[in-house]
Amino acid sequence: MAVLKRLFPVLLAVTVAAILVLPSFAQQTGGTLIIGRGADSVTLSYYATAAPDSEVLAHIAETLFRLTPDGKIVPHLAESHSLSADGRTMTIKLRRGIRFTDGTPFDATAVKWNLDFFRNPANRIQFQFLVSEVTSVDVVDSNTVRISSGRAFVPLLAHLTHDFIGMHSPAAVERAGGMQAPVGMPYGRAPVGTGPYVLKEWVRGDRLVLERNPNYWGPNKPALDQIVWRVIPDDGARVLALESGQIQVAVRVPPRDTSRLVLNRDIRVDRTSSLRTIYMAFNNQRRPFTDARVRQAFNYAVNKRAIVQTILGGAARVSDAPIAPGIVGYAPVMTYAYDINKAKQLLTEAGFPQGLNVTIHHPSGRYVQDAAVAAAVQAQLRDAGINARLVTMEWATYLQVTNRPVEQTDIEMFMLGWGTVTGDADYGLYSLFHSSQWAPGGSSRFFYKNTQVDGLLDQARAITDPARRAATYKQAMGIIMQDAPWLFLHSESQITALRRDVQGLIVHPTERVLAYNARVGR
Amino acid sequence: MSRYLLKRLLLAVPVLLGVSIVVFTMIRLIPGDPALLMAGQAATEEVVRQIRQSLGLDRPIVVQYAYFIRNIAHGDLGRSLFNGAAVTEELGQRFPRTARLALAAILVALLIGVPAGILSATRHLSWVDTFFMVLALAGVSMPVFWLGLNLILIFAVRLQWLPAIGHETWKHLILPAFTLGAASAAIIARMTRSAMLEVLRHDYVRTARAKGVAESSVISRHALRNALIPVVTVVGLQLGTLLSGAVLTESVFAWPGVGRLLVDAVLARDYPVIQGAVLLIATMFVLLNVVVDMAYAVLDPRIRYE
């Protein structure tokens with residue numbers, strides 16, 4: 001007893017110290033995270049087409065698999081998967097015991113409903129092509145699904161990570177009155193999934209509020225009470241709102257603001273590479289760009305590193321392949337050195353010793369510093385004797401004008417970007433460089449045709465061995481870079497600014513801000 | 001007077017019909033395909049065609065217009081091509097926000113512009129006059145987004161007195177109202193000054209002064225009321241412009257109003273939203289014109305409408 005009496009003050013001091021110190025090591029939970037972004041979501045359904053939709057859907061309607069920021073595909077709602085030897089059948093084992101937030105079970109029947117809806121051409125889903133090779137989806141048992149394709153289609157696994165193919169509650173879709181083309185209403189206003197958050201409020205053009213799902217199945221329980229996306233169209237105002245503390249995250253920070261923000265001790269600047277590649281494409285079926293030497297000359301004449309450093313503030317990466325790093329199948333292939341003499345030599349060999357004139361179309365405000373980049377390209381081409389006239393137009397007109405068939409278009413050269421949002425090289429390469437994909441039927445607006453590249457891209461779709469598949473893509477990209485159907489420019493970086501007390505936020509290369517593991521410190 | 005009012009309101013119908021035809025046709029003539037925009041860069045031609053068909057955009061323009069007029073008769077302005085939201089619902093949510101901002105901006109403009117104009121006129125050619133006119137020049141020349149961003153920097157970031165963005169409370173209204181009202185204040189100040197200078201030259205003002213009436217009464221009771229007629233015209237026009245939405249201010253302050261809605265709809269070629277918003281704005285202008293005419297009759301007893 002006497003010992004206890006002597007020890008008591010010590011024990012008391014230790015206990016008080018523990019009470020004071022320990023909470024700072026405990027995980028902070030609760031609170032609201034406010035993210036400022038430039039555009040609102042349009043629809044939270046299978047008819048989603050852009051990042052503002054997919055980043056919200058990622059928190060509500062989870063996918064069978066996930067693409068990690070470093071490019072790995074990991075099971076999520078799925079527990080495991082296996083592929084048949086011929087690559088045509090994928091068997092997926094689902095996790096057990098998961099329910100949608102409306103209480104209905106997430107099981108093989110629900111997965112079949114979702115995938116059948118998505119791939120049904122009658123539903124006219126814009127991204128239906130992601131699963132267009134699938135011929136049937138079968139329920140093997142309550143937690144096993146078999147997906148069959150007409151031919152081996154290895155990119156399917158990557159496509160199943162896409163947030164546009166999240167799992168929605170079939171019962172909720174029916175209760176809401178369906179998911180009608182072309183925007184997925186009325187269900188698209190109030191989605192129901194298995195995710196860590198549920199939709200609480202959506203005031204269009206203003207704010208979208210998610211609140212915590214207290215019954216979330218996953219091991220990483222949602223820490224925040226609420227996540228709020230606020231629409232702040234002006235880039236400068238968005239940054240100022242962050243500096244004032246009214247929001248905690250600002251996306252798409254202009255490069256010019258980063259030097260000021262890094263000096264603010266309350267703010268942290270994050271740079272994450274994006275899967276979006278920016279390029280200027282040549283009309284490969286129109287003189288003078290039918291000659292590879294002319295296309296290569298343009299690549300030698302432009303100093304891409306200088307453009308990245310001075311115009312983009314270092315927030316980009318010079319392209320060394322037609323697709324960006326982080327994409328399955330990417331490999332560094334080559335860059336064109338800045339060499340004016342080489343450019344002039346190639347032009348002379350191609351029959352243009354005095355240089356040539358060209359018209360370059362470019363958007364304005366669509367991509368980071370797009371107009372400034374075009375002006376820089378114009379100035380640099382002049383040194384090689386190439387006189388470029390710049391033409392710009394607003395996006396809707398630009399999209400239409402650059403989408404004409406090869407026999408109708410008079411576009412010579414134009415700027416575009418492509419985000420390989422599936423994280424798989426097939427989407428970035430097949431869609432653009434396979435000769436079957438010429439616009440307006442497909443996405444290739446520059447009419448490139450190389451039968452060897454076609455063959456390699458067709459083969460790569462069916463190769464199940466990752467190493468062989470990667471080697472095939474590397475070979476195809478080597479030919480593409482040599483052929484230079486583009487003036488290869490850069491892949492963008494995303495600049496995101498956060499208050500320092502925000503932890504666990506993921507800025508994904510697919511241009512989504514993911515807050516399902518985020519916390520706000522006190 | 002009430003017959004006149006009724007006649008003016010009835011005349012509004014053909015005006016609005018004409019506006020609807022013009023905007024309906026014009027937006028379909030400009031380049032840009034809403035179906036292609038919705039489908040996105042990666043979509044195939046077949047998907048674009050299907051979207052166009054599901055939106056009814058493949059029908060002849062006359063048929064589309066007929067459906068549009070029929071729906072308006074039922075109070076239905078259609079649904080947004082892009083997000084499926086009812087246009088009446090969208091406008092119903094956004095217009096009150098725009099109205100709140102516009103009225104606050106006009107109040108700021110009047111509170112600054114009218115006294116500034118009076119002071120300039122009564123101290124004509126003095127340093128006071130010069131000061132206010134230079135201020136008015138600055139107000140009309142300053143880019144709205146520049147002024148707005150600087151106000152946010154000073155009052156929201158540095159001083160932390162006011163919120164940077166948003167529209168929820170009266171505090172959110174101060175900075176955008178001031179930003180939007182600055183240019184209107186400048187115009188009203190200049191108009192008030194000109195009108196006052198004109199009125200102050202009249203014999204009845206000299207008579208009032210000769211009778212020993214206090215200068216403040218000369219200004220407020222004799223001169224100002226007569227000088228207000230052109231000012232009321234300007235205020236009416238300014239209010240009409242502000243009610244049509246101030247897209248730059250709305251963008252800077254994240255104020256989800258009609259201006260931003262209309263610009264986004266034009267960029268997206270969202271035909272029903274463009275048509276609905278333009279019709280709303282045209283209606284506002286028509287009604288405001290009537291209100292301004294009525295105000296003339298109140299200000300000037302000589303003006304009577306039959």
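Residues numbered from 1 in each chain as written. Chains lettered and ligands numbered in written order. Predicted model: local features only at pLDDT ≥ 70, side-chain atom pairs only at ≥ 80, totals over all residues.

Engineer: Hey, could you run me through the overall build of chain B in this one?
Structural biologist: Along chain B, the regular secondary structure elements total 13 helices and zero strands. Counted from the first residue to the last, chain B has its helices and strands arranged as α-α-α-α-α-α-α-α-α-α-α-α-α. The proportion of buried residues among the 306 residues of chain B is 41%. Relative to all contacts within chain B whose residues are 6 or more apart in sequence, the contacts with residues 24 or more apart total 71%. (Helix = DSSP H or I, 4+ residues; strand = E, 2+ residues; numbered from the N terminus. Buried ≥ 20, exposed ≤ 12 C-beta atoms within 10 Å, placed from the backbone. Contact = placed C-beta atoms within 7 Å.)

Engineer: Can you help me understand the overall build of chain A in this one?
Structural biologist: Counting its regular elements, chain A contains 15 helices and 23 strands. Taking 2.2 N^0.38 as the reference for a compact globule, 522 residues should give roughly 24 Å; the C-alpha atoms of chain A span a radius of gyration of 26 Å, in line with that estimate. With the principal axes as the frame, chain A shows a C-alpha extent of 100 × 55 × 45 Å. The proportion of buried residues among the 522 residues of chain A is 50%. Of the contacts made within chain A by residues no fewer than 6 positions apart, 70% connect residues no fewer than 24 positions apart. (Rg over C-alpha atoms; globule rule 2.2 N^0.38 Å.)

Engineer: What is the right way to read the pairing of strand E11 (residues 207-212) of chain A from this model?
Structural biologist: Residues and elements named next belong to chain A. The pairing of strand E10 (residues 197-203) with E11 spans six bridges and is antiparallel. Within E11, the residue paired with Glu201 across the bridge is Val209. Turn length for the E10-E11 hairpin, with the two strands adjacent in sequence and antiparallel, is three residues, and the turn residue Gly205 shows positive phi of about 75 degrees. Sheet topology note: the E11/strand E12 (residues 226-231) ladder contains five bridges and is antiparallel. Note on E12: the bridge partner recorded for Arg207 is Arg230. (Pairing = 2+ DSSP bridges.)

Engineer: It is not clear to me how the interface of chain B and chain A should be interpreted in this structure. Could you clarify?
Structural biologist: Interface size, as often reported, equals the accessible area lost upon joining of the parts. In this complex, chain B contributes 43 residues to the contact, which on the side of chain A involves 36 residues. If you list the elements that add at least two residues to the side of chain B that touches chain A, you get helix H2 (34-39), helix H3 (45-54), helix H7 (144-158), helix H11 (247-252) and helix H12 (258-268) of chain B. If you tally residues by element for the side of chain B that touches chain A, the top one is H7(B), at six residues. Classifying every residue of the side of chain B that touches chain A gives 28 nonpolar, 10 polar and five charged. (Nonpolar A, V, L, I, M, F, W, Y, C, P; charged D, E, K, R; others polar.)

Engineer: Can you walk me through the nonpolar core in this structure?
Structural biologist: Generally speaking, soluble globular proteins have nonpolar side chains that are buried together. Among the nonpolar cores identified, the biggest contains 240 residues, and Leu33(A), Ile35(A), Ala237(A), Val249(A), Met280(A), Ala515(A) and Ala277(B) are the most heavily contacted of them. Top contributing element to this core by residue count: helix H8 (residues 170-200) of chain B, with 16 residues. (Core = buried A, V, L, I, M, F, W, Y, C linked by C-beta atoms within 7 Å.)

Engineer: Just to check I follow, could you spell out the sheet that holds strand E5 (residues 89-94) of chain A for this structure?
Structural biologist: Strand pairing in a sheet relies on backbone hydrogen bonds, with the paired strands running either antiparallel or parallel. All names here are of chain A. Strand order in the open sheet made by the four strands is E4-E5-E7-E6, with antiparallel pairing throughout. Among the strands making up the open sheet, the edge pair consists of strand E4 (78-83) and strand E6 (134-141). Within the sheet, the average angular offset between the axes of one strand and its neighbour, ignoring direction, is 20 degrees. The pairing of E5 with strand E7 (residues 144-149) spans five bridges and is classified as antiparallel. Counterpart to Thr91 in the pairing with E7 is Arg146. Sitting on the sheet, helix H3 (residues 108-119) touches E5, E6 and E7, and the angle it makes with E6 is about 170 degrees. (Axes fitted to C-alpha atoms, helices over the stretch in contact; angles between N-to-C directions.)

Engineer: Honestly, unusual backbone geometry in this entry has me stumped. Any pointers?
Structural biologist: Keep in mind that most residues, glycine aside, have a negative phi and that most peptide bonds are trans. Residues and elements named next belong to chain A. In this model, Met185 is joined to Pro186 through a cis peptide bond whose omega is 0 degrees. The residue after Ala439, namely Pro440, is reached through a cis peptide bond having omega 0 degrees. With respect to the secondary-structure elements, Pro440 resides in the loop between helix H13 (425-433) and helix H14 (451-462). Of note, the phi angle at Glu511 is positive, near 65 degrees, even though the residue is not glycine. Counting through the fold element by element, Glu511 comes out in the loop between strand E21 (506-508) and strand E22 (512-514). Taking the C-beta count within 10 Å as the criterion, Glu511 has 21 such neighbours and is therefore assigned buried.

Engineer: Explain the environment of Leu130(A) here, please?
Structural biologist: All names here are of chain A. With respect to the helices, strands and loops of the structure, Leu130 is situated in the loop between H3 and E6. Looking at Leu130, the number of C-beta atoms within 10 Å reads 23, which means it is buried. Taking the C-alpha atoms as reference points, Leu130 and Asp266, separated by 136 residues in sequence, lie 42 Å from one another. Setting aside its immediate chain neighbours within four residues, Leu130 contacts His159, His162, Ile165 and Thr422.

Engineer: How should the packing of H12(B) against helix H13 (residues 271-299) of chain B be read in this particular structure?
Structural biologist: A pair of packed helices is characterised by two quantities: the angle between their axes and the separation of those axes. Residues and elements named next belong to chain B. Two elements in contact, H12 and H13, have axes whose closest approach is 8 Å; the angle formed by their N-to-C orientations is 140 degrees. As summarised for this structure, H12 and H13 are arranged oblique, according to the angle between their axes. In this structure, H12 crosses over H13, and the sense of that crossing is left-handed. Residues Val258, Leu261, Leu262, Ala265 and Val266 of H12 form the contact with H13, whose participating residues are Val273, Ile274 and Ala277. Here the residues of the contact of H12 with H13 are counted per class, giving eight nonpolar, no polar and no charged. (Parallel < 35°, antiparallel > 145°, perpendicular 65-115°, else oblique. Left-handed = near helix turned anticlockwise from the far one by under 90°.)

Engineer: Can you walk me through the pairing of strand E14 (residues 267-282) of chain A in this structure?
Structural biologist: The two faces of the sheet receive side chains in turn, since in a regular strand these alternate between them. All names here are of chain A. Judged from the 12 bridges that link them, E14 and strand E19 (residues 486-499) form a sheet pairing that is antiparallel. Paired with Val269 across the bridge in E19 is Ala497. Inspection of the sheet shows E14 paired to strand E18 (residues 413-419) by seven bridges, in the antiparallel sense. Each residue of the ladder has a partner; that of Tyr279, found in E18, is Leu416.

Engineer: Can you walk me through the packing of helix H5 (residues 87-122) of chain B against H12(B) in this structure?
Structural biologist: Residues and elements named next belong to chain B. In the contact formed by H5 and H12, the axes pass within 8 Å of each other and the chain directions differ by 130 degrees. Here H12 runs oblique to H5, going by the angle between their axes. Here Glu90, Leu91, Arg94, Phe95 and Thr98 of H5 come into contact with H12, specifically with Val258, Gly259 and Leu261. Residue classes in the contact of H5 with H12 are distributed as four nonpolar, two polar and two charged.

Engineer: Got a minute to help me understand H14(A) in this structure?
Structural biologist: Residues three or four positions apart in an α-helix share a direction because the helix packs 3.6 residues into each turn. All names here are of chain A. Between the first and last C-alpha of H14 there are 17 Å, a value that for 12 residues agrees with the 16 Å anticipated at 1.5 Å per step. Of the positions making up H14, those classed as buried are Val453, Leu456, Leu457 and Ala460. The buried residues of H14 occupy an angular sector of 100 degrees when projected down its axis, which confines them to one face. Against the buried residues of H14 lie H13 and helix H15 (466-483). (Expected span 1.5 Å × (residues − 1). Arc of directions from axis to C-beta.)

Engineer: For this particular structure, what's the right way to read helix H6 (residues 127-141) of chain B?
Structural biologist: Residues and elements named next belong to chain B. Compared with an ideal rise of 1.5 Å per residue, which puts 15 residues at 21 Å, H6 spans 21 Å between its outermost C-alpha atoms and is within 8% of the ideal. Where H6 is concerned, the buried positions are Phe132, Ala136 and Gly139. Down the axis, H6 shows its buried residues gathered within 60 degrees of arc, on one side only. Turned more than 90 degrees off the buried face of H6, the exposed positions are Trp127, Thr130, Val134, Leu137, Ala138 and Ser141. Summarising the contacts, the buried residues of H6 are in contact with H5 and H8.

Engineer: I tried to follow the environment of Pro219(A) on my own but got confused; where do I start?
Structural biologist: All names here are of chain A. Examined against the element boundaries, Pro219 turns out to sit in the loop between E11 and E12. Classification of Pro219 by C-beta neighbours within 10 Å gives exposed; the count is 5. When the C-alpha positions of Pro219 and Val131 are compared, they lie 30 Å apart, and in sequence the two are 88 residues distant.

Geometric descriptors of this kind do not, in isolation, establish any biological role.
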